[in-house]
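# Close look at the chain arrangement
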Amino acid sequence: MAGELRASDIGKRVVLNGWVDGHRDMGGVLFFDVRDRSGKSQCVIRPSTGSAQLYESAKKLRSEFVVSVEGVVQKRESPNSRIPTGEIEIELSYLEVLNESQVPPFEVKEDTTANEDLRLRYRYLDLRRPSLQRNLAVRHKVVKAIRDYYNERGFYEIETPILMKATPEGARDFLVPSRIHPGSFYALPQSPQLYKQVLMISGFDRYFQIARCFRDEDLRADRQPEFTQLDVEMSFPNEDLIYDVMEGALARVWKELGLTLPSPFLQLSYHEAMSRFGSDKPDLRYGLEIQTLTEMVRGKTEFKVFNEVLEKRLGVIGAVVAPGGAAWSRKQIDTLTDLAKVFGAGGLVWIKVNADGYDSSAKKFLSDDLLRDIRSVCGAQTGDLILVVSHPKWERAYTILGALRSELANRLGLLEGKEFEFAPAWITNFPMFEEDEEKGSFTFKHHPFTSPDPQDWARRSEGLQHVRARAYDIVVNGYELGSGSIRIHDRTMQEEVFDLLGHSKEDQLKKFGFILEAFQYGAPPHGGMALGIDRIVMLCCGTENIRDVIAFPKTTSMQSLMDSSPSEVDQYQLKELHLALTK
């Protein structure tokens, strides 16, 4: 391999096959690099030591020609310390062009300036770049480490169907029409959730799968319509067992890659994560913790904005501090106000802590004593800026503060140089239900097969908003790596959850009849979770774009530019499927 040669190989005769990477004629001495997935080595042809025919053939080489070369490894006259093979070069005695290449639409190099759409159009060229080849090598190591880890612990890898029953819960399904059964459809799996529960009922008490999953939803930088997840399920577990097994898997992956993942993971309840960091997937590599001011402010001001929130049962007044922010201009602060409004705030109260006192956007409503108390609770120092948010809804207030916290971290450069520092945590005790404001009803927070906390379930008549789930997420550096729960394994409880979510008995049997029936035949307690392989690899490669770690990704408009999919199909194909298109 071209990237494996070292000074210890000097004197050896070698054959390399790969691509021409650069071509230089230095006054009668011709140099070019041969590149393969392992790296590249410099080749040299000197007419004085080789044949004139070989030299003339080499002069016709261009970048990305596919070649086979043979020669003797020798010490390089001008070493290149930037590459591992920089001490050697190969004096060629043979050269064969296996295939020529047109001039590429962009230069195949690490620091290409080509835009992403062009690179996705010619993905086979983009994938030749060393960074993407390294990323896919990391992906291979991640999956291998996972398989080795679970095999050593007695888990069976079992494949579940790709064509399955449509059970529209959560994101939209991708539907596949059946030719044999006109008018009927399969769905591509959003996850193997129900199948892995059936495997537990079947007696396979430790299961895992590297599963392909599909969701027809809008894309983000860390999301694709098709993705790969590590799917795990166990019978007779409690949360601690699942935490131990999943932490061990991630520790194995990180160790395999020469990275460090702190263990044991921090555990935060959903309520604590939201009230301290404003997110259920907080980035814990920096501080800037949120401070709650609700009770401290109560009765100490006539400020209408605060008092209207204090009248609400779930109203929250909270703050986050920007160190050194007192020096920021009004325009710089206004951009933070605009951000808060995007996330649902009516406005933003700011307080500058100056050496000679306080300046505030609400100074005429806030006494010096109250400003001093706010400063004390927030731990603000002279020169800091305090940003105060008030909102009548608990979760929304902290979400706004969380968005400000993230923006401050970026503005202050708190994450610079921390790509390979990792701060993992378990987020636990999620609400089981959340209110759908548009429909005026409750829906599930994770999925409807999650088991409720037994004590909360006994008090469900007092209000579904008080019921916590036996659900948990793993978050690392602001990304949700995975989600899981202890499952419901009792038919009566599962039916009642469906009832509370508004599913009729007929609908329950139509969509979930097979799992409800299976619960009647000795279903063991079981639980598990799924981790996103793409996000794990993205973190371990230090990139923020999930497309950098997937061989053939889709764009944010769900297109594959290389092969022009999705695309129209012939009418006869639609006719076979008993389908017709409408405008």
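All of the points below concern the structure found in this document. (Residues numbered from 1 in each chain as written. Predicted model: local features only at pLDDT ≥ 70, side-chain atom pairs only at ≥ 80, totals over all residues. Heavy atoms only, no water.)

### A few points about the overall build of the chain
When helices and strands are tallied, the chain shows 17 helices and 22 strands. Each of the three principal axes of the chain carries a C-alpha extent, and together these read 95 × 75 × 55 Å. The long-range fraction of contacts in the chain, counting pairs at least 24 apart against all pairs at least 6 apart in sequence, stands at 68%. Taken as a whole, the chain presents about 29,400 Å² of accessible surface, with 49% of it coming from carbon and sulfur. Seen as two clouds, the 74 positive and the 85 negative side-chain charges of the chain have centres 2 Å apart. (Helix = DSSP H or I, 4+ residues; strand = E, 2+ residues; numbered from the N terminus. Contact = heavy atoms within 4.5 Å. Areas by Shrake-Rupley, 256 points an atom, 1.4 Å probe, with all protein chains shown as cover. Lys, Arg positive; Asp, Glu negative; His and termini not counted. Charge placed at Lys NZ, Arg CZ, Asp CG, Glu CD.)

### Some thoughts on helix H7 (residues 270-277)
Within H7, burial applies to Tyr270, Ala273, Met274, Ser275 and Phe277. At the C-terminal side of H7, Gly278 shows a positive phi close to 70°. (Buried < 20%, exposed > 50% of the residue type's maximum accessible area, 1.4 Å probe, protein only.)

### Things to note about the pattern of salt bridges
Using the criterion set out here, one finds 44 salt bridges in the structure. In this structure, the salt-bridge partner of Asp507 is Lys511, at a minimum N-O distance of 3.4 Å. One end of the pair is Asp507 and the other is Lys511, both in helix H15 (residues 505-518) and 4 residues apart, which spans about a single turn. Residue Lys511 is classed as buried on the basis of its relative accessible area, which comes to 18%. Here the salt bridges do not stand alone but share partners, grouping Asp21, Arg24, Asp33, Arg35, Lys40, Glu64 and Arg128 into one network. (Salt bridge = Lys/Arg side-chain N within 4 Å of Asp/Glu carboxyl O.)

### Digging into helix H16 (residues 533-541)
Of all the 9 residues making up H16, 9 are buried; the element is thus mostly covered by neighbouring parts of the structure. Immediately beyond the C-terminal end of H16, within one or two residues, lies Gly542, with a positive phi of roughly 70°.

### As for the packing of helix H4 (residues 130-152) against H16
Packed helices, taken two at a time, are described by the angle between their axes plus the distance between the axes. Interaxial distance between H4 and H16 falls to 10 Å at its minimum, and their mutual angle equals 125°. Relative to H16, H4 is oriented oblique. In this structure, the crossing between H4 and H16 has a hand that is right-handed. Contacts between H4 and H16 pair Asn135, Val138, Arg139, Val142, Val143 and Ile146 from the former with Ile533, Asp534, Ile536, Val537, Cys540 and Cys541 from the latter. (Axes fitted to C-alpha atoms, helices over the stretch in contact; angles between N-to-C directions. Parallel < 35°, antiparallel > 145°, perpendicular 65-115°, else oblique. Left-handed = near helix turned anticlockwise from the far one by under 90°.)

### Topic: unusual backbone geometry
Ser263 connects to Pro264 through a cis peptide bond whose omega is 0°. With an omega of 0°, the peptide bond running from Ser565 to Pro566 counts as cis. Of note, Pro566 is situated in the loop between H16 and helix H17 (571-576). A positive phi is found at Leu288, a non-glycine position, where the angle reads about 55°. Summarising the element assignment, Leu288 is placed in the loop between H7 and strand S12 (291-292). Classification of Leu288 as buried rests on a relative accessible area of 14%. We note that Met558 has phi near 65°; this positive angle belongs to a residue other than glycine.

### Some points on the packing of aromatic side chains
Per the counting criterion, the structure on display carries 18 aromatic pairs. Measuring from centroid to centroid gives 6.1 Å for Phe449 and Phe498, while their planes differ by 85°, and the two rings are edge-to-face. Note that Phe449 is positioned in the loop between strand S19 (441-444) and helix H13 (454-458) and Phe498 in helix H14 (residues 491-500), a separation of 49 residues in sequence. Taking relative accessible area as the criterion, Phe498 reaches 0% and is therefore assigned buried. Ring centres of Phe498 and Phe512 lie 4.7 Å apart, and the angle between their planes is 10°; on these two criteria the pair is classed as stacked. Of the two residues, Phe498 sits in helix H14 while Phe512 sits in helix H15, which places them 14 residues apart along the sequence. Across this residue pair, the class does not change: Phe498 and Phe512 are buried. Feature note: the residues Tyr149, Tyr150, Phe155 and Phe208 constitute an aromatic cluster, connected by ring pairs. (Phe/Tyr/Trp six-rings, centres within 6.5 Å; stacked < 30°, edge-to-face > 60°.)

### Regarding the side chain of Asn80
Its location among the elements puts Asn80 in the loop between strand S4 (66-75) and strand S5 (88-99). Of note is the side chain of Asn80, whose polar atom sits 3.0 Å from the backbone nitrogen of Arg82. (Polar contact = N/O pair within 3.5 Å; in protein donor to acceptor, adjacent residues only side chain to side chain.)

### Observations concerning the pairing of strand S14 (residues 349-354)
Counted residue by residue, S14 has 5 buried out of 6 residues, so it is predominantly covered. The pairing of S14 with strand S16 (residues 385-391) spans 4 bridges and is antiparallel. In the sheet register, Val349 faces S16, and the bridge partner there is Val388. One ladder, built from 4 bridges, connects S14 with strand S15 (residues 357-360); its direction is antiparallel. Its bridge partner lying in S15, Val353 is registered against Tyr358. Hairpin remark: S14 followed by S15, antiparallel, with 2 residues in the connecting loop. (Pairing = 2+ DSSP bridges.)

### Things to note about the environment of Leu241
Inspection of the secondary structure puts Leu241 in helix H6 (residues 239-256). Separated by 287 residues in sequence, Leu241 and Gly528 have C-alpha atoms that sit 9.8 Å apart. Apart from residues no more than four positions distant in its own chain, Leu241 is found in contact with Arg206 and Met234.

### Thoughts on the sheet that holds strand S17 (residues 424-428)
Strand order in this open sheet of 8 strands is S6-S9-S10-S22-S21-S20-S17-S11, and the pairing throughout is mixed. The open sheet has two edge strands with one neighbour each: strand S6 (156-157) and strand S11 (266-269). Pairing geometry for strand S21 (residues 479-486) and strand S22 (residues 526-532), over 5 bridges, is antiparallel. Counterpart to Gly484 in the pairing with S22 is Met529.

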